[in-house]
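Chains, contacts and geometry: an overview
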Amino acid sequence: MLVSFSNSGDTELRTFAAFAVAQMSRNSDMMEIVTEEGGLEPVLYLARSDDKNTQREVLPALTTLSFLDCNKVPICMNGALPPIVGCISEDNNDTKESQMACCAIANLVEAAENMQAAVNHGCLSLLIEALDSKSEAVQREAARAVGNFALNVDYCDMILSQNVIEWFLKHDILDLVKTECYASLDPKRFSDYETVRFCLLIISNLSGGNQNHYLLDSFFDILMDFTRHRDVKCRQYAVLALGNLCTNPLHAQQLISAKCMDALVSFSFPPTTDDSVNAQFQAIGGLHGLSKHANLRVPILREGGLEPLILGARGNNRFSHVEIKREAAAALSNLALAQPK
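Owing to the predicted nature of the structure, the values given are computational and were not obtained by experimental measurement.

Here we take up the packing of helix α17 (residues 232-245) against helix α20 (residues 277-291). One way to put it is that α17 packs onto α20 with a least axis distance of 8 Å and a crossing angle of 25°. In terms of orientation, α17 lies roughly parallel with respect to α20. The two elements α17 and α20 meet at a crossing, and its hand is left-handed. For the pair α17 and α20, contact is made by Gln236, Val239, Leu240, Gly243 and Asn244 and by Ala279, Gln282, Ala283 and Gly286, respectively. When its residues are assigned to classes, the contact of α17 with α20 shows four nonpolar, five polar and no charged.

Our focus in this paragraph is α17. Here α17 spans 20 Å end to end across 14 residues, near enough to the 20 Å set by a 1.5 Å rise per residue. Burial analysis of α17 places 10 of its 14 residues in the buried class, the great majority of the element. Those residues of α17 not exposed but buried are Cys234, Gln236, Ala238, Val239, Leu240, Ala241, Leu242, Gly243, Asn244 and Leu245.

Taken together, the side chains of Leu301, Leu306 and Ile310 define a hydrophobic patch exposed on the protein surface, amounting to about 200 Å² of accessible area. What makes Leu306 partly exposed here is its relative accessible area of 37%.

Further remarks concern the confidence of the model for the protein chain. In the predicted model, the protein chain carries a mean pLDDT of 79, and the fraction of residues at 70 or more is 84%. Scored below 50 in pLDDT, residues 1-5 makes 11 contacts in the model with residues more than four places away or belonging to other chains. Between residues 153-164, whose pLDDT stays under 50, and residues either more than four places distant or in other chains, the model counts 24 contacts.

This part covers the side chain of Thr35. Mapped onto the fold, Thr35 is located in helix α3 (residues 31-36). Classification of Thr35 by relative accessible area gives buried; the value is 17%. Setting aside residues up to four positions removed in sequence, Thr35 forms contacts with Leu65, Leu68, Cys70 and Asn71.

Let us now look at the environment of Pro299. Topologically, Pro299 is positioned in helix α21 (residues 294-302). The spacing of Pro299 and Met261 is 38 residues in sequence and 8.9 Å in space, taken between C-alpha atoms.

Moving on, we get to the packing of α17 against helix α19 (residues 260-268). Any two packed helices are characterised by how steeply their axes cross, that is the angle between the axes, and by the distance between the axes. One can describe the packing of α17 onto α19 by two numbers: an axis separation of 11 Å at closest approach and a directional angle of 120°. Of the two elements, α17 crosses α19, and the hand of that crossing is left-handed. Contacts between α17 and α19 involve Arg235, Val239, Leu242 and Gly243 from the first element and Cys260, Leu264 and Phe267 from the second. Looking at the contact of α17 with α19 residue by residue, the class counts come to five nonpolar, one polar and one charged.

A separate point is helix α10 (residues 123-130). Most of α10 is tucked away, with six of its eight residues classed as buried. By the burial criterion, the buried members of α10 are Cys123, Leu124, Ser125, Leu127, Ile128 and Ala130.

Criteria and cut-off values
- Residues numbered from 1 in each chain as written.
- Predicted model: local features only at pLDDT ≥ 70, side-chain atom pairs only at ≥ 80, totals over all residues.
- Heavy atoms only, no water.
- Axes fitted to C-alpha atoms, helices over the stretch in contact; angles between N-to-C directions.
- Helix = DSSP H or I, 4+ residues; strand = E, 2+ residues; numbered from the N terminus.
- Parallel < 35°, antiparallel > 145°, perpendicular 65-115°, else oblique.
- Left-handed = near helix turned anticlockwise from the far one by under 90°.
- Contact = heavy atoms within 4.5 Å.
- Nonpolar A, V, L, I, M, F, W, Y, C, P; charged D, E, K, R; others polar.
- Expected span 1.5 Å × (residues − 1).
- Buried < 20%, exposed > 50% of the residue type's maximum accessible area, 1.4 Å probe, protein only.
- Patch = residues over 30% accessible without salt bridge, like charges linked within 9 Å, V, L, I, M, F, W, Y side chains within 5 Å.
- Areas by Shrake-Rupley, 256 points an atom, 1.4 Å probe, with all protein chains shown as cover.
- Salt bridge = Lys/Arg side-chain N within 4 Å of Asp/Glu carboxyl O.
- pLDDT = per-residue confidence, 0-100.

In structure tokens, the structure reads:
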């Protein structure tokens, strides 16, 4: 009934009905029901309002609805992006509002087709500023949003055409990421684990493309320190980045100098929990990348890489997957060509 009233020709009735739908949409338990009943359009109607207070009132509803995949593109393409972007800045000192806006953008750019619109509306510069926020919650969501940009930058021509990498350099985003990483590694300083995880995810996603590796020359020692971090997710993301960097022959020797092979060998052993499977896969993938270089095959064997690779190829562990077996077998095939001096 509220949805039908929100389509009324009576402007006042339509607005009241739309506000009622927006209030219901704030509840995460109701977002699927609201969406199925056509409740997104009344919320978008309010978002398109010229009144700034109305736009702020509807932000919580937009943020909640943006978690659903079916809403991501309609929100972006039907006028709701400008008011969300306008709330990222903390000029009004409302950190809760900024957090919700960063959260909404992070959700929306999970859909690759939304990224060009987000870039065109100036999201990147505002998100990068938000990374330096005094609020940990704002930092966390901003890092998640930038991490999603980094994930898609290698797969979307439309994003590459916006020179996102140049944005990262121009706005010193990696310096901000590095600062947060150092804070987490310092036992005397407080650091929010979620924010650090997203910062490491930015590094990991950037490392997925060889053309970005030149940006990460100064991160090898940091990543190695994170492989020994007390937080399991931080360790896994660090291994993910190292595994990606191992695919680049230009960095192979630098990785060896930083003793990254030790970490890759350690994480290549069969995991004891399901949460660690991805780290094992990435570590074995890293050893596979290193094994492609003839001069590194013997060092891999000397560092003890043969045992975990054999265990991975056998796949007797209850957490084993065919992808792990495939990567381990490929690495063993390369190592079989080793010629000890």
